[in-house]
Amino acid sequence: MSPLSISQLTEQIRLTLENELEPVYWVVGELADFRQAPQGHVYFELVEKQGNQVLAKIRSNLWQFTYRSVAAKFESVTGTSLKNGMKVLAQVAVNYHPVYGLSINVKDIDPSFSLGERARIRQETINRLTQEGLLRLNARFELPPVVQRIAIVSSATAAGYGDFVNQLDQNRYGYRVDHRLFPSLMQGNEAVASLLSALEKIKAEQEVSRLDAVVIIRGGGAQLDLDCFDDYRLAAAIADFPVPIFTGIGHERDETIADLVAHTRLKTPTAVAEFLLSGFREFEENLGMVLQRLDRSTRQQLREEENRIHQFALRAKALANNRVSLEGESIRNRMSRIESAAKGLLKIQSLNLASVEKGIKSSSASFLHKQQERLENREALLRQLDPESILRRGYTRTELGGIPVHLAKPASGDELLTITPDSRIKSTIIQIDKK
Amino acid sequence: MKEQSYTEAMARLENILGQLEEGNKSVDELSALVKEAAELVKYCRAKLRSTESDIQEAFQDI
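What counts, and where the lines are drawn
Residues numbered from 1 in each chain as written. Chains lettered and ligands numbered in written order. Predicted model: local features only at pLDDT ≥ 70, side-chain atom pairs only at ≥ 80, totals over all residues. UniProt positions renumbered as here; feature names shortened; annotations may be inferred. Helix = DSSP H or I, 4+ residues; strand = E, 2+ residues; numbered from the N terminus. Buried ≥ 20, exposed ≤ 12 C-beta atoms within 10 Å, placed from the backbone. Contact = placed C-beta atoms within 7 Å. Core = buried A, V, L, I, M, F, W, Y, C linked by C-beta atoms within 7 Å. Pairing = 2+ DSSP bridges. Expected span 1.5 Å × (residues − 1). Nonpolar A, V, L, I, M, F, W, Y, C, P; charged D, E, K, R; others polar. Axes fitted to C-alpha atoms, helices over the stretch in contact; angles between N-to-C directions. pLDDT = per-residue confidence, 0-100.

- Labelled according to an unreviewed UniProt entry, chain B appears under the name Exodeoxyribonuclease VII small subunit, originating from Algoriphagus oliviformis.

- Chain A appears in an unreviewed UniProt entry as Exodeoxyribonuclease 7 large subunit from Algoriphagus oliviformis.
- Taken from UniProt, the Sequence similarities (unreviewed entry) comment for chain A reads in full: "Belongs to the XseA family."
- For chain A, the Catalytic activity (unreviewed entry) comment in UniProt is given as "Exonucleolytic cleavage in either 5'- to 3'- or 3'- to 5'-direction to yield nucleoside 5'-phosphates."

Structure (structure tokens):
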């Protein structure tokens, strides 16, 4: 057998393949080394792995025309674009080219397989996080009543970031939220590494910055390519982060795994800002209520105190009144005793007086009577002594110069006047004989 | 006034309210407690609207 030329051999191979193989196959493989050429054709490899070990791989082409329709269908169903690491179910035709060798042309890709595949991977990640106790680890933090110091992980140029910051800074209540951006890619192959590095930076500064929370936001832009938020490493980093993490990734489809592990999951950056501000509002409303209660309880306390003082005053007044009236009573009592004692005394005195009066009367009467009697006696005596009566009884009165003769010093020759009841006799003393 | 977190401030306010609502405080104590509570509310409101460094400056004299 004479040797074949290379082209003869390759032709032989091509014919064999053409005869032996079906025109198309459905194959399952993982996309690797995915790249789009400037003309729009897409080249990649379909790989079969066991763990990290590559068991088989084959060069694959997806021509521009096919790629457009396949990619559009894939994205609308799965919400993500074709990319490395993705497991796909592809309809392929084996192609052999004498220069370029063996490759396959991809005719179609079944998006529902990838969707299921992604769901499976997602579930596996969730299961793993659950087993490792990471799923609600970040949720263990109790949020402070006011989340005021935050780090923002976002793309600086994203519309969502600008709106978010604006919403925080321009809030109509004048609340101040301290925020700082830690820029990160939010989609594409580098997104996970970029997000992890942003989180690392925040963690390294936490000692100094003492943040209340970290906010991961991604607003606006395409709804595609959220796979980075389903990544296990990102989820684990969020779960184990030392402060609460909020997500506002802004997507329509089911929650990403980042949402599941986050402390608080909100749909959009706007919702995150509203949530943060509502914490401020609630706290301030509580302050208002505290003030009201303070006011109420203070007033009540003062009222009670005033009442007590009033009661004291009333009691003091009543006691004083009572005391005064007791004193009055006792004074009246004494007065009436004095009065009755005085009356008694008066009565005794007047009795005494009466008896004295009576005594005086009776004694004066008897005195008068005695005087009367004496007078009468004297009268009688007087009557006896009356010179007339004496004279009538034969006695006479002899006077010398008007003086009774026994009182005068009669001498011989003196003229005597002798008085009888019915005559006056003048005589001259002849002789005086002394007894 | 020492730097307080919102949580601490609210806890202290609740504590003061509790004491007042029990109603067994003297008027002298009442006045001091009400003053403290009012300061806390003022502090919190200011803190909601400014950075901590602003706050520290504002309350330097208190």
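1. Digging into the overall build of chain A
Here's step 1: When helices and strands are tallied, chain A shows 9 helices and 14 strands.
Here's step 2: The buried share of chain A, taken over its 435 residues, is 24%.
Here's step 3: Here the contacts in chain A between residues at least 6 apart in sequence split such that 63% fall between residues at least 24 apart.

2. Some details on the nonpolar core
All names here are of chain A.
Here's step 1: The biggest cluster of nonpolar side chains holds 65 residues, and the ones touching the most others in it are Val153, Val214, Val215, Ile238 and Ala258.
Here's step 2: The element that contributes the greatest number of residues to this core is helix 8 (residues 269–385), accounting for 8 residues.
Here's step 3: Leave out the neighbours within four places in its chain, and valine 214 touches Ile150, Ala151, Val153, Ile202, Phe241, Val243 and Ile245.
Here's step 4: Counting residues in hydrophobic clusters, the runner-up holds 15 residues, among them Phe44, Leu46, Leu62 and Ile109.

3. Describing the pairing of strand 2 (residues 42–50) of chain A
Residues and elements named next belong to chain A.
Here's step 1: Strand direction decides the pairing type here: strand 1 (residues 25–36) and strand 2, joined by 5 bridges, are antiparallel. Across the sheet, alanine 32 pairs through a bridge with glutamate 45, a residue of strand 2.
Here's step 2: Hairpin connection from strand 1 to strand 2: 5 residues lie between these consecutive antiparallel strands, with glycine 40 at a positive phi of about 110°.
Here's step 3: Both strand 2 and strand 3 (residues 53–62) contribute to a ladder of 9 bridges, which runs antiparallel. Its bridge partner lying in strand 3, lysine 49 is registered against valine 54.
Here's step 4: Taken together, strand 2 and the strand that follows it, strand 3, pair antiparallel across an intervening segment of 2 residues, in which glycine 51 is found at a positive phi of about 65°.

4. Quick look at helix 8 of chain A
Here's step 1: Across its 117 residues, helix 8 of chain A extends 167 Å between first and last C-alpha, which sits within 8% of the 174 Å expected from 1.5 Å per residue.
Here's step 2: Of the positions making up helix 8 of chain A, those classed as buried are Pro269, Val272, Ala273, Leu276, Gly279, Phe280, Phe283, Leu287, Val290, Leu294, Ser297 and Gln301 of chain A.
Here's step 3: Looking at the buried side of helix 8 of chain A, the elements it contacts are helix 4 (159–169), strand 8 (213–217), strand 9 (245–248) and strand 10 (264–266) of chain A together with helix 1 (6–22) and helix 2 (27–49) of chain B.

5. As for the interface of chain A and chain B
Here's step 1: With 21 residues of chain A at the interface, the matching set in chain B holds 21 residues.
Here's step 2: Ranked by residues supplied to the side of chain A that touches chain B, first place goes to helix 8 of chain A with 14 residues.
Here's step 3: Its residues assigned to classes, the side of chain A that touches chain B shows 10 nonpolar, 5 polar and 6 charged.

6. Digging into the sheet that holds strand 8 of chain A
Residues and elements named next belong to chain A.
Here's step 1: Strand order in the open sheet formed by 5 strands is 7-6-8-9-10, and the pairing between neighbours is parallel. One side of each edge strand has no neighbouring strand; the edge strands of this open sheet are strand 7 (178–183) and strand 10. Strand-to-strand twist across the sheet, computed as the mean angle between neighbouring axes with direction ignored, equals 20°.
Here's step 2: As paired strands, strand 6 (residues 149–154) and strand 7 are joined by 6 bridges and run parallel to one another. The partner of arginine 149 across the bridge, within strand 7, is aspartate 178.

7. Comments concerning the confidence of the model for chain B
Residue and element names in this part refer to chain B.
Here's step 1: Averaged over every residue, the pLDDT of chain B is 81; the share at 70 or more is 81%.
Here's step 2: Looking at the elements of chain B, mean pLDDT is at its lowest for helix 3 (residues 52–58), recorded as 68, and at its highest for helix 1, recorded as 88.
Here's step 3: Interface confidence for the predicted complex, given as ipTM, is 0.82, next to a pTM of 0.66.

8. With respect to the sheet that holds strand 4 (residues 87–97) of chain A
Residues and elements named next belong to chain A.
Here's step 1: Here we have 5 strands rolled up into a closed barrel, ordered 1-2-3-5-4, and mixed in their pairing. Within the sheet, the average angular offset between the axes of one strand and its neighbour, ignoring direction, is 55°.
Here's step 2: Here strand 1 pairs with strand 4 via 6 bridges, running antiparallel. The residue bridging tryptophan 26 from the neighbouring strand is glutamine 91, located in strand 4.
Here's step 3: Contacting strand 4 and strand 5 (101–110), helix 3 (residues 111–131) runs over the sheet at an angle of about 130° to strand 4.

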